[in-house]
Amino acid sequence: MLKKIFIIVISFICVLSIGLFNRTSIFSEYSNAFEICFNRASSSESIFSVKKGEFIFLDNVAGESFSTTAQDFNLDNFLNKFNARIVMVEKLENGVSYYAYSPTIKYKAQILDKTVNLQVFVGEKVTVGSPFIFGSF
């Protein structure tokens, strides 16, 4: 009887460990460094820079972002990877900001009356965030 309980407990610990250590950024394929937001309230945002390997230890992540060069990024391929559709486009003086929705991404936010969970800013560099880019781009 004790042996069965021991096996059940060890199995449970293994399953939890696999779940914990499989947590990665949704953008892990695109970058080795991310900015993570822990609180969406703009007055108390908590934004931290983390490396890919550090992501597995994070809890209660409310958003993620990364930056890359414009020549290393293809917007159409990126949107296809996440099965995302563009909801809104905002032209700014230093680039274009695309707001999109992907059913495969857990983060969500409302902008105007639309649900979005991806923002891609294309300028001299590309910055991608989910549900938004937190901080500057």
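Throughout, residues of each chain are indexed from 1 in the direction in which the sequence is written. For a predicted model such as this one, the threshold for reporting local features is a pLDDT of at least 70, and the threshold for listing and counting side-chain atom pairs is 80 or more; totals across whole chains, interfaces and linings nevertheless cover every residue. For the side-chain quantities, the full set of heavy atoms in the structure was used; hydrogens and water were omitted.

## Quick look at the overall build of the protein
At step 1: Numbering goes from the N terminus for both helices and strands, where a helix is a DSSP run of H or I of at least four residues and a strand is a run of E of at least two. A count of helical and extended segments in the protein gives 2 helices and 9 strands.
At step 2: Listed by position from the N terminus, the elements making up the protein come as α-β-β-β-α-β-β-β-β-β-β.
At step 3: Classification of the 137 residues of the protein by burial places 37% in the buried group.
At step 4: Contacts: residue pairs with any heavy atoms within 4.5 Å of one another. Pairs at least 24 apart in sequence give 46% of the contacts found in the protein among residues at least 6 apart.
At step 5: Surface accessibility in these figures is a Shrake-Rupley result with a 1.4 Å probe; residues are shielded only by whichever protein chains are displayed. Summing over all exposed atoms, the protein offers an accessible surface of approximately 8,600 Å²; the carbon and sulfur share of this is 56%. For every residue, the accessible area obtained with a 1.4 Å probe (protein chains only) is divided by the maximum for its type, and the residue is called buried under 20%, exposed over 50%, and partly exposed between those limits.

## Notes on the nonpolar core
At step 1: Side-chain atoms within 4.5 Å link the members of a nonpolar core, which is a set of buried Ala, Val, Leu, Ile, Met, Phe, Trp, Tyr and Cys residues. Core analysis: the biggest nonpolar cluster contains 19 residues, and Phe27, Phe73, Phe78, Leu118 and Val128 have the highest contact counts within it.
At step 2: Residue assignment for this core shows that the elements contributing at least two residues are β1 (33–37), α2 (75–81), β8 (118–122) and β9 (125–130).
At step 3: Filtering out sequence-adjacent residues up to four positions away, Phe27 remains in contact with Phe34, Glu64, Ser65, Phe66, Phe78, Phe82, Leu118, Val128, Gly129 and Ser130.
At step 4: Val87, Tyr99, Ile111 and Val116 belong to the second-largest nonpolar core, a separate cluster that totals 6 residues.

## Quick look at the pairing of strand β4 (residues 85–92)
At step 1: Note: two strands are recorded as paired if DSSP finds a minimum of 2 bridges between them. Examined bridge by bridge, β4 and strand β5 (residues 95–101) share 7 bridges and lie antiparallel to one another. Considered in β5, the bridge of Leu92 is made with Gly95.
At step 2: Here β4 folds back onto β5 in antiparallel fashion, the turn holding 2 residues.

## Remarks on the pattern of salt bridges
At step 1: Here, a salt bridge means any side-chain nitrogen of Lys or Arg that lies within 4 Å of a carboxyl oxygen of Asp or Glu. Taken as a whole, this structure holds 2 salt bridges when the rule is applied.
At step 2: Note that Lys81 is salt-bridged to Glu29, the shortest N-O span being 3.3 Å. Of this pair, Lys81 sits in helix α2 while Glu29 sits in the loop between α1 (2–21) and β1, and the two are 52 residues apart along the sequence.

## Here's the deal with unusual backbone geometry
At step 1: The step from Ser130 to Pro131 runs through a cis peptide bond, and the omega angle for that step is 0°.
At step 2: One can find Pro131 in the segment after β9.
At step 3: In this model, Asn83 sits at a positive phi of 55°, which is unusual for a non-glycine residue.
At step 4: Although it is not a glycine, Leu112 adopts a positive phi angle of roughly 55°.
At step 5: As for its placement among the helices and strands, Leu112 is situated in the loop between β6 (109–111) and β7 (114–116).
At step 6: Overall, the relative accessible area of 71% leaves Leu112 in the exposed class.

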